[in-house]
Amino acid sequence: MSAITITDAAHDYLADLLSKQNTPGIGIRIFITQPGTQYAETCIAYCKPGEEKPEDTALGLKSFTAWIDSFSEAFLDDAVVDYATDRMGGQLTIKAPNAKVPMVSADSPINERINYYLQTEINPGLASHGGQVSLIDVVEDGIAVLQFGGGCQGCGQADVTLKEGIERTLLERIPELKGVRDVTDHTQKENAYY
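Residues numbered from 1 in each chain as written. Predicted model: local features only at pLDDT ≥ 70, side-chain atom pairs only at ≥ 80, totals over all residues. Heavy atoms only, no water.

Describing the side chain of E167
Looking at where E167 falls in the secondary structure, it is placed in helix α4 (residues 158–173). Of the polar contacts made by the side chain of E167, one reaches the backbone nitrogen of V180; its length is 2.8 Å. (Helix = DSSP H or I, 4+ residues; strand = E, 2+ residues; numbered from the N terminus. Polar contact = N/O pair within 3.5 Å; in protein donor to acceptor, adjacent residues only side chain to side chain.)

Put into structure tokens, the structure is as follows:
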């Protein structure tokens with residue numbers, strides 16, 4: 001059972017909105033941008049059939065399905081989606097008390113902590129360039145081996161980004177980490193002529 005509560009009032013309000021979309025099977029998707037940071041925002045979006053992600057958790061409600069983003073799910077513990085009416089009409093409210101709470105502690109395994117900071121602090125910044133970075137391994141000398149993907153692959157600035165931004169952030173957050181290395185060889189540029 002999901003830890004998120006959608007009140008009857010919120011359900012009925014959302015069901016009414018969804019019924020006006022003229023899309024059979026449309027549901028909602030609940031996710032958090034930058035979860036575990038002070039910038040966390042909880043979002044609800046329309047989710048047409050096929051727009052959900054394979055790793056989402058399906059929450060079957062009376063009139064529609066709510067898809068819960070897998071990475072956000074832990075941060076949605078004790079979250080409540082409600083619809084509050086006042087004399088001006090009403091509004092949907094989302095209270096997610098754990099959205100900003102880091103889900104890792106100093107005792108978490110080093111790879112979990114690295115992944116956490118990549119997801120919450122580093123990838124949101126790279127996403128604006130269509131890029132992302134993922135952890136491949138932590139090798140014996142305390143070096144995190146990272147892989148760039150998307151717009152970062154083959155980018156001449158990737159080494160600078162790695163050293164200036166990513167390594168600095170990770171070393172600040174994870175004292176026992178000694179450094180980062182890039183598994184991608186940025187000398188491989190497609191169609192490059194020398």
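Here's the deal with the nonpolar core
Judged by nonpolar contacts, the single largest core of 41 residues is most densely connected at L118, L146, I166 and L170. Those elements giving two or more residues to this core turn out to be α1 (8–19), β2 (27–33), β5 (65–68), β6 (80–86), α3 (110–127), β8 (131–139), β9 (143–150) and α4. If you tally residues by element for this core, the top one is α3, at six residues. If near-sequence neighbours (up to four positions away) are discounted, L118 is found in contact with N123, P124, V133, S134, L135, L146, I166 and L170. (Core = buried A, V, L, I, M, F, W, Y, C linked by side-chain atoms within 4.5 Å. Buried < 20%, exposed > 50% of the residue type's maximum accessible area, 1.4 Å probe, protein only. Contact = heavy atoms within 4.5 Å.)

So, the UniProt feature "domain: Core" (unreviewed entry) in the protein
In this structure's numbering, the residues bearing the UniProt feature "domain: Core" (unreviewed entry) are residues 4–100. The distance from the first to the last C-alpha atom of residues 4–100 is 15 Å, and the span holds 16% helix and 39% strand. (UniProt positions renumbered as here; feature names shortened; annotations may be inferred.)

Thoughts on α3
Between the first and last C-alpha of α3 there are 24 Å, a value that for 18 residues agrees with the 26 Å anticipated at 1.5 Å per step. Where α3 bends most, at L118, the angle is about 40°. Residues of α3 that are buried include every one of R113, I114, Y116, Y117, L118, T120, I122, N123 and L126, and no others. (Expected span 1.5 Å × (residues − 1). Bend = angle between axes of the 7 residues up to and from the residue.)

Considering the packing of aromatic side chains
Using the criterion set out here, one finds four aromatic pairs in the structure. Taken together, a centroid distance of 4.1 Å and an interplanar angle of 15° make the contact between Y13 and Y83 stacked. Taken together, the residues Y13 in helix α1 and Y83 in strand β6 connect sequence positions 70 residues apart. On the accessibility criterion, Y13 (28% relative accessible area) is partly exposed. Through a chain of ring-to-ring contacts, the aromatic side chains of F71, F75, Y116 and Y117 assemble into a single cluster. Over the ring of Y117 we find R173, and its NZ or CZ is 5.9 Å from the ring centre. (Phe/Tyr/Trp six-rings, centres within 6.5 Å; stacked < 30°, edge-to-face > 60°. Lys NZ or Arg CZ within 6 Å of the ring centre and 35° of its normal.)

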